[in-house]
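# Topology and contacts: notes
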Amino acid sequence: MAQIAATPTAVARPSRTTALLTAGVLAGPIFVVSVLAQAFTRDGFDPRRHPLSLLALGDLGWIQTTNFVACGVLAFASAFGLRRVLRGGRAGTWGPILIGTYGVGLVWGGVFSADPAYGFPVGTPDGAPEQLSWHGILHGIAPAVAAVALVAAAFVFARRFAAEGRRGWVAYSVAAVVADLGLTSVTFATDDYRWMLAGGIVIWTWAAAVTAQVARTRA
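These numbers were taken from a predicted model, which means no experiment stands behind them.

Here we take up the overall build of the chain. Within the chain one finds seven helices and zero strands. Walking the chain from its N terminus toward its C terminus, one meets helices and strands in the order α-α-α-α-α-α-α. Here the C-alpha coordinates of the chain stretch approximately 80 × 45 × 30 Å along the principal axes. The 219 residues of the chain split such that 42% are buried. For the chain, the proportion of contacts with a sequence separation of at least 24, taken over those separated by at least 6, is 69%. When the accessible surface of the chain is totalled, it reaches about 11600 Å², and 66% of it is carbon and sulfur.

Here it is as structure tokens:
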């Protein structure tokens, strides 16, 4: 008598594409939660005066370094999942490339640390560093690359959503860009890094939400 039973593990195992997209859904929230937890608990760190990159310094700096690298790898991995789902359609080329670039920017920021500044870590001189180190210069590239990539990705996906008639997602994508750029501008005007952090939270969670949307559409 022939056996026709299915293999349970084969049926239950999620696809590689699903796993890649899930990585992108997790990247933003994990990064945000970790940064906020450190920003309000690290001794001497003041979210008003200190950019989040400084969290990667000091005895507990390994936590933020790990956060940079791990979340960057998750975001980079999700680009391959996005490519699999969107290939041949709108945002099918530049969407994954830009999300992948955002991931690379996070990893870059973790590999090359910023220089101590404004009295953090505790015991270091107050004010900006007199001279940037080579790794401080390289670190400075990371946030710019990640930010530009996400802003461009938001417009790329907004165009896709517009073609699909998803007005809510179009509005969300454009609003995320406006919020990120606007709040970052407030930081430069007020010297309060909390505004920049808030803008970052908006665009980082947008990337996670869009990846989740693509995953739901695929399902």
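Moving on to the environment of arginine 84. Along the chain, arginine 84 turns up in helix H3 (residues 61-86). Exposure remark for arginine 84: the relative accessible area of 39% places this residue in the partly exposed category. As for arginine 84 and leucine 54, which are separated by 30 residues in sequence, their C-alpha atoms are 36 Å apart. Setting aside residues up to four positions removed in sequence, arginine 84 forms contacts with Arg16, Thr17 and Leu20. A distance of 3.2 Å separates polar atoms of two side chains, one belonging to arginine 84 and the other to threonine 17.

A cluster of nonpolar side chains, namely Phe76, Phe80 and Val104, defines an oily patch on the protein surface of about 270 Å² accessible area. The residue phenylalanine 76 is located in helix H3 in this model.

Below, the discussion takes up the pattern of salt bridges. Under the definition given, this model contains five salt bridges. Across the pair aspartate 192 and arginine 194 runs a salt bridge whose closest N-O atoms are separated by 2.7 Å. Using a relative accessible area of 9% as the deciding quantity, one classes aspartate 192 as buried. Owing to a relative accessible area of 43%, arginine 194 belongs among the partly exposed residues under this scheme. Taken together, the shared-partner salt bridges in this structure form one network comprising Arg160, Glu164 and Arg166.

For the chain, per-residue confidence averages 93 on the pLDDT scale, and residues scoring 70 or more make up 93% of the total. Every residue in residues 1-12 scores below 50 in pLDDT, and together they form one contact with partners more than four places removed in sequence or on other chains.

On to the nonpolar core. Judged by nonpolar contacts, the single largest core of 42 residues is most densely connected at Phe31, Leu52, Tyr102, Phe157, Trp204 and Trp206. The set of elements that each furnish at least two residues to this core consists of helix H2 (16-39), H3, helix H4 (94-111), helix H5 (134-164), helix H6 (167-190) and helix H7 (193-218). Ignoring sequence-local partners within four residues, the contact set of tryptophan 204 consists of Gly28, Phe31, Val32, Leu52, Tyr102, Leu150 and Leu197.

For the rest of this paragraph, the subject is the side chain of asparagine 67. Looking at the element boundaries, asparagine 67 is found in helix H3. Not counting chain neighbours up to four residues away, the residues in contact with asparagine 67 comprise Ile30, Phe31, Ser34, Val35 and Gly72.

Cis geometry marks the peptide bond from phenylalanine 120 to proline 121; its omega dihedral reads 0 degrees. Position of proline 121 among the secondary structure elements: in the loop between H4 and H5. A positive phi angle is found at alanine 91, which is not glycine, with a value near 70 degrees. Among the structural elements, alanine 91 can be located in the loop between H3 and H4. Its identity as a non-glycine residue notwithstanding, aspartate 191 has a phi of 60 degrees, on the positive side. With respect to the helices, strands and loops of the structure, aspartate 191 is situated in the loop between H6 and H7.

Reading guide: rules and limits
- Residues numbered from 1 in each chain as written.
- Predicted model: local features only at pLDDT ≥ 70, side-chain atom pairs only at ≥ 80, totals over all residues.
- Heavy atoms only, no water.
- Helix = DSSP H or I, 4+ residues; strand = E, 2+ residues; numbered from the N terminus.
- Buried < 20%, exposed > 50% of the residue type's maximum accessible area, 1.4 Å probe, protein only.
- Contact = heavy atoms within 4.5 Å.
- Areas by Shrake-Rupley, 256 points an atom, 1.4 Å probe, with all protein chains shown as cover.
- Polar contact = N/O pair within 3.5 Å; in protein donor to acceptor, adjacent residues only side chain to side chain.
- Patch = residues over 30% accessible without salt bridge, like charges linked within 9 Å, V, L, I, M, F, W, Y side chains within 5 Å.
- Salt bridge = Lys/Arg side-chain N within 4 Å of Asp/Glu carboxyl O.
- pLDDT = per-residue confidence, 0-100.
- Core = buried A, V, L, I, M, F, W, Y, C linked by side-chain atoms within 4.5 Å.

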